[in-house]
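One-letter residues, chain by chain:
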4 protein chains.
Amino acid sequence: MSDVKKVVLAYSGGLDTSVILKWLQDTYQCEVITFTADIGQGEELEPARTKALKFGIKPENIFIDDLREEFVRDFVFPMFRANAIYEGEYLLGTSIARPLIAKRQIEIAKQVNADAVSHGATGKGNDQVRFELGYYTLNPNIRIIAPWREWDLLSREKLLAYAEKAGIEVDMKHKQGGAPYSMDANLLHISYEGRHLEDPNAEAEESMWRWTVSPEKAPDTPEYIDLEYERGDIVAINGIKLSPAQVLTKLNELGGKHGIGRLDLVENRYVGMKSRGCYETPGGTIMLKGHRAIESITLDREVAHLKDDLMPRYASLVYNGYWWSPERKALQVLIDHTQQFVNGFVRLKLYKGNVYTVSRDSKDSLFDKTIATFDDDGGAYNQADAGGFIKLNALRMRIGTKAGR
Amino acid sequence: MSDVKKVVLAYSGGLDTSVILKWLQDTYQCEVITFTADIGQGEELEPARTKALKFGIKPENIFIDDLREEFVRDFVFPMFRANAIYEGEYLLGTSIARPLIAKRQIEIAKQVNADAVSHGATGKGNDQVRFELGYYTLNPNIRIIAPWREWDLLSREKLLAYAEKAGIEVDMKHKQGGAPYSMDANLLHISYEGRHLEDPNAEAEESMWRWTVSPEKAPDTPEYIDLEYERGDIVAINGIKLSPAQVLTKLNELGGKHGIGRLDLVENRYVGMKSRGCYETPGGTIMLKGHRAIESITLDREVAHLKDDLMPRYASLVYNGYWWSPERKALQVLIDHTQQFVNGFVRLKLYKGNVYTVSRDSKDSLFDKTIATFDDDGGAYNQADAGGFIKLNALRMRIGTKAGR
Amino acid sequence: MSDVKKVVLAYSGGLDTSVILKWLQDTYQCEVITFTADIGQGEELEPARTKALKFGIKPENIFIDDLREEFVRDFVFPMFRANAIYEGEYLLGTSIARPLIAKRQIEIAKQVNADAVSHGATGKGNDQVRFELGYYTLNPNIRIIAPWREWDLLSREKLLAYAEKAGIEVDMKHKQGGAPYSMDANLLHISYEGRHLEDPNAEAEESMWRWTVSPEKAPDTPEYIDLEYERGDIVAINGIKLSPAQVLTKLNELGGKHGIGRLDLVENRYVGMKSRGCYETPGGTIMLKGHRAIESITLDREVAHLKDDLMPRYASLVYNGYWWSPERKALQVLIDHTQQFVNGFVRLKLYKGNVYTVSRDSKDSLFDKTIATFDDDGGAYNQADAGGFIKLNALRMRIGTKAGR
Amino acid sequence: MSDVKKVVLAYSGGLDTSVILKWLQDTYQCEVITFTADIGQGEELEPARTKALKFGIKPENIFIDDLREEFVRDFVFPMFRANAIYEGEYLLGTSIARPLIAKRQIEIAKQVNADAVSHGATGKGNDQVRFELGYYTLNPNIRIIAPWREWDLLSREKLLAYAEKAGIEVDMKHKQGGAPYSMDANLLHISYEGRHLEDPNAEAEESMWRWTVSPEKAPDTPEYIDLEYERGDIVAINGIKLSPAQVLTKLNELGGKHGIGRLDLVENRYVGMKSRGCYETPGGTIMLKGHRAIESITLDREVAHLKDDLMPRYASLVYNGYWWSPERKALQVLIDHTQQFVNGFVRLKLYKGNVYTVSRDSKDSLFDKTIATFDDDGGAYNQADAGGFIKLNALRMRIGTKAGR
């Protein structure tokens, strides 16, 4: 296996990817380049550098990037323009971060002339697919090393033994049975899987949730917020202009404070099995509500319905890892086109887990009060027209009934 | 216009339909049959009889029916099997009641040998379409009288003047400017439109809401409920078997108590304009969450996705009044087929406006713990398979990139 | 009705629109502007001018435009990029011409400051909808006069009587019972409806067809043609660069010669009834085949499937008259985006009604011979990958069967 | 590998599956059960028995079944009810036979208590997927042996060497470079792939085609045929009642005689690459045309459009091998429901490669002549209704234009 010379590893600095780092060195005798990204997961990144250095990684082979703005601007925002929800409930928090990491890994691989990339996702999950479809699409000739599908460290015990032998520091909690949940976090959400949650009939423990207070402990007073939209994206909160990452950071803060965005779900993985996950998406939950509200007055009906019809397909593409596919891009072109008039203001009320739309306004509004009114409209709409409208729409069914249907 | 001999009027007993009753007698010199249905709107029906008698309607021409069980069993439940939501948010509470009323009116028309039917819906709204598509489909030769599209009583003043002249009792509130909102209620929901709400940028007044307490005033303690499903329908709550109407009544009670199911929406009407409506759907909001949860463990992934892809179309059909259309029926056949294994139990937590799924269980569950587990699965799933899965799924994109895409 | 001052009439110069011209003058006492377009219908346009002058139309109010290039470039070609077929068979020849005529009429109305437009389509057909949705969308305040829905000349006899009284020249054939078919022609097709064809169980007469020879009389020798595509459009035939209208003219000539593009169909009109039509679309039939062929080697699979999934919706929009709608435009944006690599060459064989694809080639081809080959591929594709691919795709169904499905 | 005891092999008696038979015996030391089906491929099956016996297969382990009626009744006919076409052109001839073979293999495996099944499809094609998704779905615990993905006989030379060593008779043509094409035949079609066809820019040789005469050599006189439909299926041709397999056999004869059903295609395989195939589907081509024609007068418009919208999805499911999936079954339930009124008669004209619909008739026809007529309809349809119909449909677009869109 000495054919691999340089490998770019998506490295968090945690136990698993540290073991992978060592295993790559041991198994492939290759140079490892570590790549650690800040996508808003809320962890210090410098410890990853320190650890990488301990493994003998050369300083110039340690990449630590702050990708938060790019993440929200080029991935989260475009996805929310589509109102994407997977299986009726999931806001795709994990799914949307993977394409960016894959992209950056391939960029680094090119820069350092690496011939391989590696990641820490298991062979049972969706993330391996999301990473690798990205890798392959962005560089069809790249070599991919997926340790979880290759090695024999499939049990926790073996992994810990390997770590110990390799001199990798293991936290107390890991020794005592590991973290209770498999978690993933980025600026859009934090997710929990595994352990206790593997029984879909068992309620999640309150202590599990990290980003939101429980609705029970949220403030007793509602809070109103004002969102300003330009072309489908939030550009200001409460009148203050913010960058994309600032928008999501602020909404996470607001949502977390008010206990917004908790979800307990059984979902269908792309690799074929059902799995149970819990998610906290405080800012994203607010964004979805707000976006629906601004679209409700600025989008034409049939354009909105076209988007709704395509949404599940778009969401599945993102969930399944096809961000870089030509079909996702084609859908995005349509979606982005529809957002040109999605400008204006939405006021939301946040209260103990709830997000309510209370008002919306836009210079591009298609809400026509003179026509909508129940009062006299001065002839803006001729009620008699409805008779013909109904009769022609009924015609085929009348013929059908007459024919004995 | 003396060609109409007998007309069956959907009669609520309220001011508007009373004026219509009199107007029909005056204008068409015809016999009027009144039909008043209990679909759970929460109003006394006997006053409608008294009023009808005052207008000289013969006792045998006054029909008062309790349709609550039929409404939930044959209309609400089938619709919820589809997880139907219009435009991302609206649970179709008004839409789903119209086809039943139309059906019963046509039945009565046949029974009394009437040649026409009439309703009190305006020429600007969706309800006229829903009523009339039903009438025409169920009896292609029926004559339809839609007074709001025919008469000249389009202003409130003219209507009240007509009422007064006809000796129709007018409530104080109507004299003083009318009820603040145009409302519609049935066992699934209550809706509010008009007046104050005609400005989408104005927040709805707290005093408007009737069926739910405000989340702020809901109990400080969460309540857990257990729903039992058979073939996609709820058959028991907290272990107690209930009929369809009992189920919805109970869930409305629970939802109302916990401030669940309020919605403030700008929607796109089938007749072409946007309109702003507020809705309370306490039981329905709980039902949607519960149904998603039981489906999450009992439906195959691709069947679930097929349903999700078809859902917006189904919802639009219901919204637009095509309940009796052959295409709605064809979709229903598919949807009902998918529900054969949607059996089991869901536990929900209700708290101040929120409905959370906390657990779900089913003898027909497709959740396979041995495969889903992050622990050693004893070979139930071969992680190496994922490599081939990814490589073939990536193949077309690799070829694309190599070709310079 | 003296409120109409100037009306722009879509004027063919034929009997029906001549009667309309006179009727507009008589009924509305208004100034009539005639608009006659050459969209390839194959008729002289100058007689329309002569006739208009006879009706007293001022020379500056007679508009005769050659719209053939615009028609093919901006309407026919974009539609063929979508592979649009209505109800599995109809190539939308009539539908696609209406939006252009509507557009030009509204432009002229603006130029001459007219307050109304008028057309000769009947109240039973699709064309009135196509014209008027265009008019209303392009000028929401325009007044539309649809004589067939207003006047009392609904029988042929009354129309002829009116014509005679007005001194309009009536052909012998009209006097003797009218032309056998209602026809519509443009550069894309000619259609036949009515009379004999109103019985869907009667075969169309051979003498009806005008643009194509019967396959029986077509040449006994096949003819090969080479089409060159750029971004989904044909830019050259047999190596000779041609403009859009030249392309379609040439293909009509080739198709007509070889008896290609005859269709006998019962279709569903937007206004609610079924109707039987016969169509000749010689060039269009060739174009569809060629476009499918060039896409087959240049489009990614999932992009092609996305297009196929959206095609019926797109075709219905065109058929129903929604060319100028925001949803058609949104779909077009997606479709046009997909055509960026649809470049290359297709060779077709034409023979007695048939169009066969015999070869295709492109510098943007995604056909990868090294992978597709049944011979040894030198490792380009690892057959073992397919095992994992199948196993993961089968997983959910295996779980289903184990669960007793 | 001695863990396999009994394997049911899909055995054609040809060279490839004979080598596989021997290889299974050699490699797995297991008992082989041969299964040979008559699905209308037009070959003698008894030679397969003789050959199997030579390999030492016990007589009771040789299964030869005539599945033609089941094939057409339960697979071909249901698929044609959907008007299924893959990628705009392919009638799915190969795809539809695989699920039946898989089903029968699994039945035999159960009967003889075999623990494995095997097939001769390569690791590059779709057929492996179609077979194996069937196997796994019908028996989730079955062991599958796919020799082409396991062995090292990937080149023609190695295969022939193995055959020779095993004493397997090799035809002259194979020795001289093999059959020119990889072929697959059943009652629905015959397909050609490989060799010469691997260059999509090379025309197929006339000598390749086997089931149809060339259109050039087809009769100079057209032939008319009458098809009778019941619930979407053909039950009689020219007035003679026929079983499903008889129907297809007869239509193949007619189509073959008239040069109908040739197709040259580049298609997208499920495993990720494009491939070029040529197909002859004489009877199927006639069936599709006839089914569209009978549906055109018996299906409601929106039901027909719903079917058209779902068709590409259905076709992909069949193409990709998901016949036994719950989602294909769910779609089939809908499709079959729509066929209840698809009864009646269609007359087609066959001539030199063309199939023309010339007339159609049904007691369940929805064609309403009194409404469709251009002549006076006696008030069956009120043209004035169209005005209101158009105005309401235009409303949202008028509002849009007024808003500056």
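Residues numbered from 1 in each chain as written. Chains lettered and ligands numbered in written order. Predicted model: local features only at pLDDT ≥ 70, side-chain atom pairs only at ≥ 80, totals over all residues. Heavy atoms only, no water.

Focus on the overall build of chain A
For the record, the criterion: Runs of E in the DSSP output that reach at least two residues are strands. Runs of H or I that reach at least four are helices, and both are numbered from the N terminus. Accessible area is worked out with a 1.4 Å probe on protein chains only. A residue is then buried under 20% of its type maximum, exposed over 50%, and partly exposed in between. Here, residues are in contact when the closest pair of their heavy atoms is within 4.5 Å. Charged residues are defined narrowly, with Lys and Arg counted positive, Asp and Glu counted negative, and His plus the chain ends left uncounted. The atoms used to mark charge sites are NZ of Lys, CZ of Arg, CG of Asp and CD of Glu.
The helix and strand tally for chain A stands at 14 helices and 14 strands. With respect to the principal axes defined by its C-alpha atoms, chain A has extents near 85 × 55 × 45 Å. Scored against the burial criterion, the 405 residues of chain A give a buried share of 68%. Expressed as a percentage of contacts within chain A between residues at least 6 apart in sequence, the contacts between residues at least 24 apart total 73%. Looking at charge distribution, chain A has the averaged site of its 52 positive side-chain charges lying 3 Å from that of its 58 negative ones.

Quick word on the pairing of strand S8 (residues 223–230) of chain D
Residues and elements named next belong to chain D. Put simply, the rule is: Pairs of strands are assigned from DSSP output, requiring at least two bridges between the strands.
Direction of pairing for S8 relative to strand S13 (residues 344–351): antiparallel, over a ladder of seven bridges. Bridging from a neighbouring strand, aspartate 226 pairs with arginine 347 of S13. Here four bridges tie S8 to strand S9 (residues 233–237), and the two strands are oriented antiparallel to one another. Counterpart to glutamate 228 in the pairing with S9 is alanine 236. Connecting S8 to the antiparallel partner S9 that follows it, the hairpin turn spans two residues, and arginine 231 within it adopts a positive phi of roughly 50°.

Things to note about the sheet that holds strand S3 (residues 62–66) of chain D
Residues and elements named next belong to chain D. The condition is simple: Here the axes come from fitting lines to C-alpha atoms, over the contacting stretch only for helices, and the angles between their N-to-C directions go from 0 to 180 degrees.
Spatially, five strands are ordered S3-S2-S1-S4-S5 in an open sheet, and the strand pairing comes out parallel. Of all strands in the sheet, those with a lone pairing partner are S3 and strand S5 (143–145), marking the two edges. Across the sheet, the mean angle from the axis of one strand to that of its neighbour is 25°, orientation sign disregarded. Packed on one face of the sheet, helix H4 (residues 98–112) meets strand S1 (6–10), strand S2 (31–38), S3 and strand S4 (116–118) and runs near 155° to S1.

What to know about the relation of the copies chain A and chain B
One copy of the chain maps onto the second through a rotation about an axis and a displacement along it. Convention followed: For the least-squares superposition of copies, only C-alpha atoms count, and only for residues with pLDDT at least 70 in both.
For the pair chain A and chain B, the best superposition has an RMSD of 0.1 Å and corresponds to a rotation of 180° with a translation of 0.0 Å parallel to the axis. On this basis, the relationship between the two copies can be described by a two-fold rotation axis. Counting the interface residues of chain A, we find that 100% of their copies in chain B are interface residues as well, pointing to one common contact surface.

Details of the confidence of the model for chain A
Defined as follows: A residue's pLDDT is simply how confident the predictor is in it, with values from 0 to 100.
Chain-level pLDDT for chain A is 95 on average; 98% of the residues reach the 70-or-more range. Interface confidence in the predicted complex, given as ipTM, is 0.96; pTM for the same model is 0.97.

Observations regarding the UniProt feature "binding site: L-aspartate" (unreviewed entry) in chain A
All names here are of chain A. Here is the rule we go by: UniProt positions are given in the numbering used here, feature names are shortened, and annotations may be inferred rather than shown by experiment. Residues adjacent in sequence count toward polar contacts only when both atoms are side-chain atoms; beyond that, a polar contact is any pair of N or O atoms within 3.5 Å, and within protein one must be able to donate a hydrogen and the other to accept it.
Feature annotation in UniProt places "binding site: L-aspartate" (unreviewed entry) on Thr122, Asn126 and Asp127, given in this structure's numbering. Mapping asparagine 126 onto the fold places it in the loop between strand S4 (116–118) and helix H5 (127–138). Other than its neighbours up to four places away in sequence, asparagine 126 contacts Glu267, Arg269, Tyr270, Val271 and Tyr319. Note that aspartate 127 resides in helix H5. Within the structure, aspartate 127 has its side chain in polar contact with the side chain of arginine 98 (distance 3.0 Å).

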